[in-house]
Structures are given as structure tokens and as C-alpha cells.
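Architecture at a glance
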Amino acid sequence: GFRETRTDVADGCTLYLGEAESDGVVPMRAECVWPDVTVERFKAAYGDWTGHDEIYSSIGSSVLVSSSGNTSTVRQTYEASGIKTREMIIDGTMTEVGGGVRYSWSKHPGDQGITSGNVEAIRSDGYWEVTPRDGGGVLAVHQVSYDPGGSVPGFLVRWFQTGGLQAIAEDTRAAVKP
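Every chain's residues receive numbers from 1 upward, in the order its sequence appears when written. Where local features are concerned, this predicted model is filtered to residues with pLDDT of at least 70; where side-chain atom pairs are given and counted, the filter is 80 or more; whole-chain, interface and lining totals use all residues. With hydrogens and water set aside, each side-chain value is computed from the structure's full complement of heavy atoms.

Before going further, it helps to examine the nonpolar core. Definition of nonpolar core: a set of buried residues of the types Ala, Val, Leu, Ile, Met, Phe, Trp, Tyr and Cys, connected through side-chain atoms within 4.5 Å. Burial classes follow relative accessibility: with a 1.4 Å probe on protein chains only, a residue under 20% of its type's maximum area counts as buried, one over 50% as exposed, and anything between as partly exposed. In this structure, Trp34, Phe42, Tyr46 and Trp128 are the most contacted members of the largest nonpolar core, which totals 35 residues. Excluding residues that lie within four positions of it along the chain, Trp34 makes contacts with Ala10, Asp11, Cys13, Phe42, Trp128, Gly137, Val138, Ala140, Ala169, Thr172, Arg173 and Val176. Contact definition: two residues touch when any of their heavy atoms are within 4.5 Å.

Okay, structure coming up:
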């Protein structure tokens, strides 16, 4: 189950935290109702995995490693004040779902080849699922389980579970807003 943590952020999002998973990671969730956004608009803004560093303030770089069909393998770096840059390779996939779209990602298996000085992020599993609403607009649901790896102060973990999730919702909203 998820518990509500913040409401009415990013023009219509409610934020939630889940129960800790077996590895101790707490999943985060945002449910957003955006009446002025279409599925096509979301796809146009979000669909290029290499452009995520232009959408999200927390992503320092997003570079294509390879692509095949509807899956892109991308090397990303993640930046936050007070800690070393995190890095990982993800596999991002787009699938059609319920008249909408689902962008999901997980850590690419195998050697990550982390840049010297960066820390390998342990886990990033998540998705954005965007479906049309009766009467217009979309329901955009984001869920992510993220383990930055290395040493991260508890206060930064707690900030990411609230302020960081809010920033992701706000950055996404800014990218898809007409």
C-alpha cells in the first residue's frame, strides 16, 4: 500500500510513498490529472530517452548506448547537492496501454562501465503511464524505486522521497504543458 504525502503539486499531482521493499527501497508514486495535456503531447515531450537531461534537473546526462525496436539503452548520470554523481545504464521501453502509453525503465544487466569518480546507482525501476481521461486530458501515473548506491545521508534520502519526487512531477509537468 501507498500513503499520501503531498497533494496539489505540479498542477494536479498527489504524491505517495509505499512500503519498503525487500531490499529496503521505498517506492515513490505520483498520480497526476492534467486536463490540458494529451497522450500525444506527453509522447512528444518524453519519448526521446536522450532528452531526459533537458527535462529533469536531477539528470546530468542521458546518452544513447543502443536501441532495438521500442527499447533504448541509455547511460544516465544523476546529480544532487552534497553527494557524488550517480551513474547507471538503463533500458527504457515504450509500450501502448489502454489508449495511452507506458514508458518503463530498469537497470541494464551486466557491466555498467561507470565513469571514474562517479558512483554506480544500484537500482532504478519505474514508469510513467499516461492514459486519456473521459472529458479530456490525461491521468499520468509515475512510480519509481531508486537506490543511489554508495553513502547517502539519511536527510537526503528523506528529501528525495518528498522534494525530489515533487521536482520530478514539476519537471515533467513543465515539459508536457501546452
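Our focus in this paragraph is the pairing of strand β1 (residues 2-9). A regular strand carries its side chains on alternate faces of the sheet. Criterion used throughout: strands pair if DSSP finds at least two bridges between them. Here a helix means four or more residues in a row that DSSP labels H or I, a strand means two or more in a row labelled E, and each is numbered from the N terminus. As judged from the five bridges shared by β1 and strand β2 (residues 13-18), these two strands associate in the antiparallel manner. Residue Arg3 lies in a different strand from β2, and its bridge partner there is Leu17. Connecting β1 to the next strand, β2, in antiparallel fashion are three residues, including Ala10 with a positive phi near 50 degrees.

Okay, the pairing of strand β3 (residues 28-34) next. Burial analysis of β3 places five of its seven residues in the buried class, the great majority of the element. Of the strand pairs in this sheet, β2 and β3 are connected by five bridges, and their pairing is antiparallel. Paired with Thr14 across the bridge in β3 is Glu31. Judged from the seven bridges that link them, β3 and strand β10 (residues 138-147) form a sheet pairing that is antiparallel. In the strand pairing of β10, Arg29 is matched with Gln143.

Another point: the environment of Lys43. Topologically, Lys43 is positioned in helix α1 (residues 39-46). Residues Lys43 and Ile89 lie 46 residues apart in sequence; the distance between their C-alpha atoms is 22 Å.

Right, let's talk about the state of the cysteines for a bit. Cysteine sulfurs are considered disulfide-paired once they come within 2.5 Å of each other. According to the stated counting rule, one finds one disulfide in the structure shown. The disulfide bridge from Cys13 ends at Cys32, spanning 2.1 Å between sulfur atoms. Of note, the bridge from Cys13 to Cys32 carries an S-S torsion of about 110 degrees and is right-handed in sense. Taken as a pair, Cys13 in strand β2 and Cys32 in strand β3 lie far apart in primary sequence, 19 residues in all. The same class applies to Cys13 and to Cys32, which are both buried.

Okay, the pattern of salt bridges next. Just to be clear on terms, a salt bridge is a Lys or Arg side-chain nitrogen sitting within 4 Å of an Asp or Glu carboxyl oxygen. Counted by the stated rule, this structure contains 12 salt bridges. Between Lys43 and Glu40 there is a salt bridge whose closest N-O contact spans 3.7 Å. Residue Lys43 and its partner Glu40 are both found in helix α1; the two are separated by three residues, about one turn of the helix. According to the relative accessible area criterion, Lys43 is partly exposed, its value standing at 22%. Of the charged contacts in the structure, one is a salt bridge between Arg102 and Glu129, with a shortest N-O distance of 2.7 Å. With a gap of 27 residues between them, Arg102 in strand β7 (residues 100-107) and Glu129 in strand β9 (residues 123-132) connect regions that are remote in the sequence. You can call Glu129 partly exposed: its relative accessible area is 23%. Salt bridges sharing partners connect three or more residues here, namely Asp11, Asp36, Arg173 and Lys177.

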